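Spelled out from the first residue to the last, the chains are:
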Amino acid sequence: MTNTRNLFPKGGRDWPDLQRDIRARCADDVDWQHGRTPLFVFRNDQETYEIGRNAFFECFSENALGRKRAFFGIGSMEKEVLDFGLDLFSAPESGTGAFTSGGTESIFIAIKAAREAHRDLNPSHRGETLNIVVPITVHPAFDKAADAMDLEMRRAPLRADKRVDPAEMQKLIDDRTIAMVGSAPCFPHGVVDPIDELSAIALDAGIWLHVDACVGGWMAPFFTRIGRPTPNFDFRFEGVRSISADLHKFGYCPKPASTVFYRDVTDLERATFKSNSWPNGPFETATLVGTRPGGAVAGAWAVLNHLGTEGYEDAARRLAEMTDRYCEGISAIEGLELWSKPDLSIINYGSSEFDIFVVAENMVSRGWLSGLTREPKGMHAMMSLLHDGSREEFLSDLQECVYLARSSPKVESQLHAKY
Ligand SMILES: Cc1ncc(COP(=O)(O)O)c(C=O)c1O
């Protein structure tokens, strides 16, 4: 067997050399700057990008773990970001939040808090298998949290409009259920679950309801404000106990940055890990990670202050119009249909006539990375403003690829949906 391990170099390479190397290594990446990837990157305008980047590097070395003892500036910026979120999501006075490294972490600690809340009410359930009730479309970050905390995942099916069926969720609840989850929107089909109905069930059953607004959190409220029919999902529904919302997606802030909000400060306490077992004394964090980039906090603070509610409304307007144009273009191609009506900017479409993965395969060969769903079989994209300039080229390539697939409908693709 050949050993392909790289040897740790002696060092001494200067920046121009390293920069050349980095650029060469990234040269074959998907051309994301021109909207050729359906996920992973988000950008508003150039000015917002530069502000986020500059702020990030302004506090590049600071560690947000030390925000209470050393880096007071990071602490004050973090508080403002969280306050803006509490305001945006209509949290009551008792509400609070935490700044995290991403959606997965926000979800993990919210579920941990829900488990602790259940244990507080049911001390005898400690050590027993508890469960969470989720839509089948929920993000795998919940599976990850459940796996680490030994929770059972119970998945409810969808209604015809691809939103979870609340009656099916209700059937899965029992006295070992620590939380229900709804998404705003779900990643596969881009629609917001009926949070109003889930909230009523949660209140009635006395169960924690978490809203996963990792994709929509920092954008959906602005869709509503500009008059789009995007449903509400926030603390105005009494049953909503926590919300995860990523800044590094449609908040247009530099990665890694997310937020998690709780209806009540006691729930932040439940999410908080405390230890007093080592020589250095008490240790506690309300996040999963310890060290956190101060730059991410400064970047988010700067972007939120730069854009403000007017800037986000403007971004929402542009994103909504762009998504409409894409949807019209896709629907106009014979043989294609949208599998759901997007509440924000995630689109999912396919065909009843031919194998849509054949289209995806041809699109990949033309340099368009394609997201895929397997149920129903479809192409998928989380559109961001980076996709604006490439719309005509995308739709024209899509039309040609559909033409090819329709010309030989018996051909089946070997592609599989893979995130
Ligand atoms: C609905 C939803 N929730 C959670 C996440 C996880 O976010 P992250 O990748 O930042 O951990 C994602 C990521 O795309 C998502 O789409």
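You'll find the structure just up there.
Before going into details, it helps to say that this report is about the structure given with it. Values in this document were obtained by computation on a predicted structure and should not be read as measured data. (Residues numbered from 1 in each chain as written. Predicted model: local features only at pLDDT ≥ 70, side-chain atom pairs only at ≥ 80, totals over all residues. Heavy atoms only, no water.)

1. Brief notes about the sheet that holds strand β4 (residues 177-183)
Here's step 1: Reading across from one edge, β1-β7-β6-β5-β4-β2-β3 is the order of the seven strands in this open sheet, with mixed pairing throughout. The open sheet terminates on both sides in strands that have one partner only, identified here as β1 (96-100) and β3 (151-156). Along the sheet, successive strands turn relative to each other by an average axial angle of 20°, direction set aside.
Here's step 2: Here β4 pairs with strand β5 (residues 208-212) via five bridges, running parallel. Its bridge partner lying in β5, G182 is registered against V211.
Here's step 3: In this fold helix α4 (residues 103-121) packs onto β1, β2 (130-135), β3, β4, β5, β6 (240-246) and β7 (258-262), with an angle of close to 20° to the strand it touches most, β7.
Here's step 4: Seen against the sheet, helix α5 (residues 141-148) touches β2, β3, β4 and β5 and runs at an angle of roughly 150° to β3. (Pairing = 2+ DSSP bridges. Helix = DSSP H or I, 4+ residues; strand = E, 2+ residues; numbered from the N terminus. Axes fitted to C-alpha atoms, helices over the stretch in contact; angles between N-to-C directions. Contact = heavy atoms within 4.5 Å.)

2. A short note on the pairing of β3
Here's step 1: Where β2 and β3 come together, six bridges link them in parallel fashion. Counted as the bridge partner of V133 is R154 from β3.
Here's step 2: After leaving β2, the chain enters α5 and then returns to the sheet as β3, a path that is right-handed. (Right-handed = clockwise from strand over helix to strand, strands pointing away.)

3. Remarks on the site of the ligand
Here's step 1: Close to the ligand lie 13 residues; G103, T104, D212, H248 and K249 are nearest.
Here's step 2: At a separation of 2.9 Å, an oxygen atom of the ligand approaches a polar backbone atom of G103.
Here's step 3: One of the side-chain nitrogen or oxygen atoms of D246 is found 3.4 Å away from an oxygen atom of the ligand.
Here's step 4: Taking 390 Å² as the accessible area of the ligand by itself, protein coverage stands at 87%.
Here's step 5: Sort the elements by how many residues they give to the shell around the ligand and α4 lands first, with three residues.
Here's step 6: For the shell around the ligand, the per-class residue count stands at five nonpolar, five polar and three charged. (Near = heavy atom within 4 Å. Polar contact = N/O pair within 3.5 Å; in protein donor to acceptor, adjacent residues only side chain to side chain. Areas by Shrake-Rupley, 256 points an atom, 1.4 Å probe, with all protein chains shown as cover. Nonpolar A, V, L, I, M, F, W, Y, C, P; charged D, E, K, R; others polar.)

4. Focus on helix α12 (residues 391-407)
Here's step 1: For α12, with 17 residues, the first-to-last C-alpha span of 24 Å sits near the 24 Å given by 1.5 Å per residue.
Here's step 2: For α12, the complete set of buried residues consists of F394, L395, D397, L398, C401, V402 and A405. Buried positions in α12, seen along its axis, are confined to an arc of 165° and lie on one side of it. For α12, the exposed residues lying more than 90 degrees away from the buried face are E392 and Y403.
Here's step 3: Summarising the contacts, the buried residues of α12 are in contact with α10 (294-331), β11 (346-350), α11 (356-365) and β13 (377-382). (Expected span 1.5 Å × (residues − 1). Buried < 20%, exposed > 50% of the residue type's maximum accessible area, 1.4 Å probe, protein only. Arc of directions from axis to C-beta.)

Function cannot be inferred from these measures alone, as they are strictly geometric.
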